[in-house]
Amino acid sequence: MKAARIHEHGGPEVIRIDHVDIPTPGDGEVLVATEATSFNPTELAVRQGIFPIGLPHTLGWDLAGHHDGQPVVGFVDSGAAAEFTVAPKDRIVPAPQSIPLRDAAAIPLAGLTAWQVVEYVTKGQKVLINGAGGGIGSFAVQLAKRKGAYVVATASARSAEAVRKHGADEVIDYTRRVPDTPVDVMIHLVGTPPPWTPPARELIVSAAALVEADVPSKHVVMRYDRDTLAELVEMVDAGLITVDVTASCPLDAMAEVHRKAGEFRGKVIVTTR
Ligand SMILES: NC(=O)c1ccc[n+]([C@@H]2O[C@H](COP(=O)([O-])OP(=O)(O)OC[C@H]3O[C@@H](n4cnc5c(N)ncnc54)[C@H](OP(=O)(O)O)[C@@H]3O)[C@@H](O)[C@H]2O)c1
């Protein structure tokens, strides 16, 4: 089978499409015939060696495919960027039926991270979502709105319309204006700290760069949670949230996807067959 792997750390050129044996599931694991994974910018850090991993390493955390003929979506620690993936049983759930299976690969990491940052938001609060145009941001805006928050979102021109469609009450173009309207909670989803004073009165929640401020702050690292993933899938099928897929590329183009990171908005799907 084909697998997008790295044998050393470095630039996008270290990503190779290797032909390797189909993996064999062990106890408590299942084999998934993978349809797609999705690109997550944190994998740039894996490729660069900023996060310690064993080599060779098969890329891909988000997983959409078939297990025993049933469409599933899931999250694995590595290996989804391949034609077959071994996943612990509890890491997959039935896939949504209302969107293409491939697009479901956009849900796990971004959706779960968004869910876990939005857990700090309560009904009626005013929330600033900084980085709302990205994969996590698109889910975070929708989930915060569903919780009854008033959402102020930052987005550049290319993402403003999508962010508004996701329900943001106000969109601030961060390339032109500093978000300085006071809010209760700020959610930070950008890899660098904001170069402005966070206007949060109560709390800053970051899933990305740490933010220095005089108010309490939380840093969220996504914890896999099967029930929440299943709930996100149900919400997609119920039309309560939409999945913001903006591009799709074949596995062979994985190095190109890494090269072009930052040029995309929303979620990019990488199809494996
Ligand atoms: N803690 C965790 O468990 C966890 C999990 C996954 C990811 N992450 C991290 O969370 C961050 C977001 O991930 P993601 O998957 O959502 O990334 P992404 O899809 O690549 O998000 C990119 C978006 O960030 C926006 N952006 C870039 N610079 C900005 C700025 N200065 N101000 C406001 N928005 C800006 C852009 O929006 P426009 O299109 O509007 O320009 C772009 O669309 C990354 O740093 C990632 O490494 C953390």
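First, a word on scope: everything that follows refers to the structure included in this document. (Residues numbered from 1 in each chain as written. Predicted model: local features only at pLDDT ≥ 70, side-chain atom pairs only at ≥ 80, totals over all residues. Heavy atoms only, no water.)

1. Things to note about the sheet that holds strand β1 (residues 2–6)
Spatial strand order, β2-β1-β4: 3 strands in an open sheet with antiparallel pairing. The two strands at the open ends of the sheet, each matched to only one other strand, are β2 (15–19) and β4 (57–58). Summarising the sheet, β1 and β4 pair through 2 bridges and their orientation is antiparallel. Residue pairing in the sheet places Ile6 in a bridge with His57 of β4. (Pairing = 2+ DSSP bridges. Helix = DSSP H or I, 4+ residues; strand = E, 2+ residues; numbered from the N terminus.)

2. Focus on the site of the ligand
The environment of the ligand is formed by 26 residues, the closest being Ser156, Ser159, Tyr174, Val220 and Met222. In the model, an oxygen atom of the ligand is placed 2.8 Å from a nitrogen or oxygen of the Thr42 side chain. One nitrogen or oxygen atom from the side chain of Tyr174 is found 2.5 Å from an oxygen atom belonging to the ligand. Taken by itself the ligand offers 940 Å² of open surface, and the protein chains cover 81% of this. Counting the residues that make up the shell around the ligand, at least three belong to each of domain 1 (2–107 + 243–271) and domain 2 (117–211). (Near = heavy atom within 4 Å. Polar contact = N/O pair within 3.5 Å; in protein donor to acceptor, adjacent residues only side chain to side chain. Areas by Shrake-Rupley, 256 points an atom, 1.4 Å probe, with all protein chains shown as cover. Domains from an automatic or database assignment.)

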